[in-house]
Amino acid sequence: SPGSSKECAPDSESPSGAGEADYCRRILVRDAKGTIREIVLPKGLDLDRPKRTRTSFTAEQLYRLELEFQRCQYVVGRERTELARQLNLSETQVK
């Protein structure tokens, strides 16, 4: 049924079909026009995991981050830690 997933069956028409079931899954989706399409995705892709929220930087944070980037494109170590503390961000967000 549309929207459900199933394991990939080897495809005799595909040259790599023999091992396809080991690393992919097929999903049927209905597009805006109502046409059902099949999409092949890697099994390792976690579609049920919620997306990470995007950080909303303040104008001041953006200004400081852009200044630092112009000065040095890779802020590392103590400089990154200090900048993150000053801007109330995580080091990953500064990175």
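Residues numbered from 1 in each chain as written. Predicted model: local features only at pLDDT ≥ 70, side-chain atom pairs only at ≥ 80, totals over all residues. Heavy atoms only, no water.

- The protein chain goes by VAX2B protein in an unreviewed UniProt entry, where it is assigned to Rynchops niger.
- As its UniProt record puts it under Subcellular location (unreviewed entry), the protein chain is described as follows: "Nucleus". (UniProt positions renumbered as here; feature names shortened; annotations may be inferred.)

1. Here's the deal with the overall build of the protein chain
So, point 1. Broken down by element type, the protein chain carries four helices and three strands.
So, point 2. Along the protein chain, helices and strands appear, N-terminal first, in the series β-α-β-β-α-α-α.
So, point 3. By the burial criterion, 19% of the 95 residues in the protein chain qualify as buried.
So, point 4. For the protein chain, the share of sequence-separated contacts (at least 6 apart) that also reach a separation of at least 24 residues comes to 19%. (Helix = DSSP H or I, 4+ residues; strand = E, 2+ residues; numbered from the N terminus. Buried < 20%, exposed > 50% of the residue type's maximum accessible area, 1.4 Å probe, protein only. Contact = heavy atoms within 4.5 Å.)

2. Describing the pairing of strand β3 (residues 36–42)
Consecutive side chains of a regular strand alternate in pointing toward one face of the sheet and then the other.
So, point 1. Bridge count for strand β2 (residues 24–30) against β3 is seven bridges, and the pairing is antiparallel. Across the sheet, residue Arg25 finds its bridge partner in β3, namely Leu41.
So, point 2. Linking β2 back to β3 in an antiparallel pair, the connection comprises five residues, with Gly34 at a positive phi of about 90 degrees. (Pairing = 2+ DSSP bridges.)

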